[in-house]
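# Overview (structure and organization)
Here is what each chain is made of, one letter per residue.
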Amino acid sequence: MQPSGSFKIRGIGNLMKTAIRRNKGEPIHFYCSSGGNAGLACATVARMVGHEATIVVPRSTSQLLVKKLKDEGAEVQQLGEDLAAADLYLRKELIGCDPNAFYVPPFDHPLIWAGQETLLGEVEQQMAERGGFDAVVCSVGGGSMLIGIQQTIKKKVASTREKAPLVLAVETRGAESLNASLLAGRHITLDKITSIATSLGVSKVAERAYRLAQEPNVRSVVLSDAEAAMACVRFADEERILVETSCGVSLATVYNGVLKKLLGAGMSEEDWSRTRVVISVCGGSDVSPERIKEYRKRYGEEV
Ligand SMILES: *Cc1c(COP(=O)(O)O)cnc(C)c1O
């Protein structure tokens, strides 16, 4: 429900704002590589402040998102097998040729993480009077949302409680670069992205996300595309809100009982009913009523 249709504008906007301030009114041309929503955040901010933006998206990005990027007034190029390829092209071929270029990475920058911190920061303020929260569920693509959440817990929340809130870091099968690294015990790159959740399709998470995910209050969870898609269907039915599968995968932990299994193990029903959970409904623009209809048809039997 935020400008650009996802939480991304918090982090990307913070990075761009800092660049504009440092450049003291000189023209800036922003260049962002993105699966879609980071680019949309970059294009939205650029339009708001009157600077130019070029977004390079990989071939896997949908035409729906490409159109939304163009509607924001950005120049869009679509090429490359995955985000890493699109990013390499952007840095090698475009940025070097433009003296006004400013590089906006999709997730791997401390100023982006600082912007993402505001997400749980605001929730924390809103819930403080009611005793705070016991767990947070978020999805993981490159890991900036997870980093923002865990940094906020470390800075603001952990010291106020006996036990740090549990963080569920959720990915879809086929985009589980964090989970695969944790299992391997080293920071690895996935060979291939096969999940439909293209916003989570980052083959290697940020180093800091890999590190923070090893802290004792963080659990890594992997669910199927079908579970993520049907969570989007159910969320649309029950809450009348459209979200991407990259967001649906977090909602799926509620619908499929994984959240209760991980967090409520050994709890009485009464304790469970008092447990407060924050789900990051991170949004995403790669969704439409038509897409929800397709999900229902394709995955309805399976889930
Ligand atoms: C980018 C994005 C994610 C993943 O965020 P990261 O910071 O890359 O881990 C999840 N959901 C949506 C809707 C996104 O746009």
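Bear in mind that the values here come from a model prediction, so they are computed numbers and not experimental data. (Residues numbered from 1 in each chain as written. Predicted model: local features only at pLDDT ≥ 70, side-chain atom pairs only at ≥ 80, totals over all residues. Heavy atoms only, no water.)

## Thoughts on the site of the ligand
- If you check the shell around the ligand, you find 17 residues, and the closest are K8, N37, G141, G143 and S144.
- Between an oxygen atom of the ligand and a side-chain N or O atom of N37, the distance comes to 2.8 Å.
- Between the ligand and the protein, one listed contact pairs an oxygen atom with a side-chain N or O atom of S144 at 2.5 Å.
- Starting from 380 Å² of accessible surface for the ligand in isolation, the protein chains cover 98%.
- Partitioned by chemical class, the residues of the shell around the ligand number five nonpolar, 10 polar and two charged. (Near = heavy atom within 4 Å. Polar contact = N/O pair within 3.5 Å; in protein donor to acceptor, adjacent residues only side chain to side chain. Areas by Shrake-Rupley, 256 points an atom, 1.4 Å probe, with all protein chains shown as cover. Nonpolar A, V, L, I, M, F, W, Y, C, P; charged D, E, K, R; others polar.)

## Digging into the sheet that holds strand β5 (residues 135–139)
- Pairing in this open sheet of four strands is parallel, and the strands run β7-β6-β5-β8 from one edge to the other. Of all strands in the sheet, those bounded by a partner on one side alone are β7 (218–223) and β8 (277–279). Each strand axis lies, on average, 20 degrees off the axis of its neighbour in the sheet, ignoring direction.
- In the sheet, β5 pairs with β8 via three bridges, with the strands oriented parallel. (Pairing = 2+ DSSP bridges. Helix = DSSP H or I, 4+ residues; strand = E, 2+ residues; numbered from the N terminus. Axes fitted to C-alpha atoms, helices over the stretch in contact; angles between N-to-C directions.)

## Some details on the environment of A46
- By the element assignment, A46 lies in helix α2 (residues 37–49).
- Between the alpha carbons of A46 and I28 there is a distance of 9.2 Å; along the sequence they are 18 residues apart.
- Apart from the residues lying within four places of it in its own chain, the contact partners of A46 are M16, F30, H51, E52 and A53. (Contact = heavy atoms within 4.5 Å.)

## Points about the sheet that holds strand β2 (residues 52–57)
- With parallel pairing, four strands are arranged side by side in an open sheet as β3-β2-β1-β4. Looking along the sheet, the strands with just one partner apiece sit at the ends: β3 (75–78) and β4 (101–104). The sheet shows a mean angle of 20 degrees between the axes of neighbouring strands, direction not considered.
- Pairing of strand β1 (residues 29–33) with β2, which is carried by five bridges, proceeds in the parallel orientation. Note on β2: the bridge partner recorded for F30 is A53.
- Sheet strands touched by helix α1 (residues 8–23): β1 and β4. Its angle to β4, the strand with the most contacts, is close to 155 degrees.
- Those strands touched by helix α3 (residues 63–71) are β2 and β3, and its axis lies near 155 degrees from that of β3.

## A closer look at the UniProt feature "domain: Tryptophan synthase beta chain-like PALP" (unreviewed entry) in the chain
- The sites that carry the UniProt feature "domain: Tryptophan synthase beta chain-like PALP" (unreviewed entry) are, in the present numbering, residues 1–283.
- Annotation note: span residues 1–283, helix share 47%, strand share 14%, distance between end C-alpha atoms 7 Å. (UniProt positions renumbered as here; feature names shortened; annotations may be inferred.)

## With respect to the pattern of salt bridges
- With the rule as written, the count across this model stands at 16 salt bridges.
- The shortest N-O distance in the salt bridge between K154 and E215 comes to 2.7 Å. You can see K154 sitting in helix α6 (residues 144–157) and its partner E215 sitting in the loop between α8 (207–212) and β7, a full 61 residues away along the chain.
- For the salt bridge of E176 with R173, the shortest nitrogen-to-oxygen distance reads 3.4 Å.
- For R173, a relative accessible area of 49% translates into the label partly exposed.
- Through salt bridges with shared partners, a single ionic network connects E270, D271 and R274. (Salt bridge = Lys/Arg side-chain N within 4 Å of Asp/Glu carboxyl O. Buried < 20%, exposed > 50% of the residue type's maximum accessible area, 1.4 Å probe, protein only.)

## Here we look at unusual backbone geometry
- Of note, S4 is a non-glycine position whose phi angle comes to about 80 degrees, a positive value.
- Mapped onto the elements, S4 comes out in the segment before α1.
- Residue R240 is not a glycine yet carries a positive backbone phi of 60 degrees.
- With relative accessibility at 70%, the residue R240 sits in the exposed group.

## Re helix α10 (residues 245–255)
- With nine of 11 residues buried, α10 lies mostly within the body of the structure.
- For α10, the set of buried residues is T245, S246, C247, G248, V249, S250, L251, A252 and T253.
- A positive phi of about 85 degrees marks G257, the residue just after α10.

## Focus on the packing of α2 against α3
- One way to put it is that α2 packs onto α3 with a least axis distance of 9 Å and a crossing angle of 10 degrees. With respect to each other, α2 and α3 are oriented roughly parallel. Each of N37, G39, L40 and A43 in α2 lies in contact with α3, whose residues at this interface are L65, K68 and L69. (Parallel < 35°, antiparallel > 145°, perpendicular 65-115°, else oblique.)

## A short note on the side chain of Q116
- When you line up the elements, Q116 lands in helix α5 (residues 110–127).
- Ignoring anything within four residues of it in the chain, the contact list for Q116 reads F7, K8, R10, G11, S144, M145 and G148.

## Quick look at the pairing of β3
- Pairing geometry for β2 and β3, over four bridges, is parallel. What sits directly across from T54, in β3, is E75.
- Since β2 and β3 lie parallel, the crossover through α3 that links them has a hand, and here it is right-handed. (Right-handed = clockwise from strand over helix to strand, strands pointing away.)

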